[in-house]
Amino acid sequence: MKAVISIENLASSFVVTLWTPLFGGIFMAIVVYALWPRNKKRFDSAARMPLRRD
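Computed from a prediction, not measured in an experiment: that's the story for all the values here. (Residues numbered from 1 in each chain as written. Predicted model: local features only at pLDDT ≥ 70, side-chain atom pairs only at ≥ 80, totals over all residues. Heavy atoms only, no water.)

In this section: the overall build of the protein. Scanning the protein from N- to C-terminus turns up two helices and zero strands. Relative to the globule expectation of 10 Å for 54 residues, the C-alpha radius of gyration of the protein, 21 Å, shows a markedly less compact shape. Counting only C-alpha atoms, the protein reaches 70 × 25 × 10 Å along its principal axes. Put simply, the protein has 54 residues, and 2% of those count as buried. (Helix = DSSP H or I, 4+ residues; strand = E, 2+ residues; numbered from the N terminus. Rg over C-alpha atoms; globule rule 2.2 N^0.38 Å. Buried < 20%, exposed > 50% of the residue type's maximum accessible area, 1.4 Å probe, protein only.)

As structure tokens, then:
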């Protein structure tokens, strides 16, 4: 059986081994930032912004 190396195989391997964990880590960092207790006051203020009458 002959091993087939193609651009598609290399690209798929590259995406799975590098980009998937990288974007997973970025996503987790965003979730942690959004749920961090220190940011609650800022996010609550931003959530009420459309309802304010200035």
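Now, onward.
This brings us to the environment of Pro37. Note that Pro37 resides in the loop between α1 (7–35) and α2 (40–48). Using a relative accessible area of 67% as the deciding quantity, one classes Pro37 as exposed. A C-alpha to C-alpha distance of 40 Å links Pro37 and Ala11, two positions 26 residues apart in sequence.

Before going further, it helps to spend a moment on α1. With 29 residues, α1 ought to run about 42 Å at 1.5 Å a step, and its terminal C-alpha atoms sit 40 Å apart, in line with that. At Val15, α1 shows its largest bend, some 35°. (Expected span 1.5 Å × (residues − 1). Bend = angle between axes of the 7 residues up to and from the residue.)

All chains considered together, the criterion is met by two aromatic pairs. A centroid spacing of 5.7 Å and a plane angle of 25° characterise the contact between Trp19 and Phe23, whose relative ring orientation is stacked. Of this pair, Trp19 and Phe23 both sit in helix α1, separated by four residues, roughly a single helical turn. Its relative accessible area of 34% is what places Trp19 among the partly exposed residues. When the ring of Tyr33 is compared with that of Phe43, the centres are 5.9 Å apart and the planes differ by 90°; the resulting orientation is edge-to-face. Of this pair, Tyr33 sits in helix α1 while Phe43 sits in helix α2; the two residues are ten residues apart in sequence, bridging distant segments of the chain. (Phe/Tyr/Trp six-rings, centres within 6.5 Å; stacked < 30°, edge-to-face > 60°.)

This part takes up a nonpolar patch on the surface. Nonpolar side chains collect at one region of the surface, where Phe14, Val15, Leu18, Trp19, Leu22, Phe23, Ile26 and Ile30 lie side by side and expose about 730 Å² of accessible area between them. When you line up the elements, Ile26 lands in helix α1. (Patch = residues over 30% accessible without salt bridge, like charges linked within 9 Å, V, L, I, M, F, W, Y side chains within 5 Å. Areas by Shrake-Rupley, 256 points an atom, 1.4 Å probe, with all protein chains shown as cover. Salt bridge = Lys/Arg side-chain N within 4 Å of Asp/Glu carboxyl O.)

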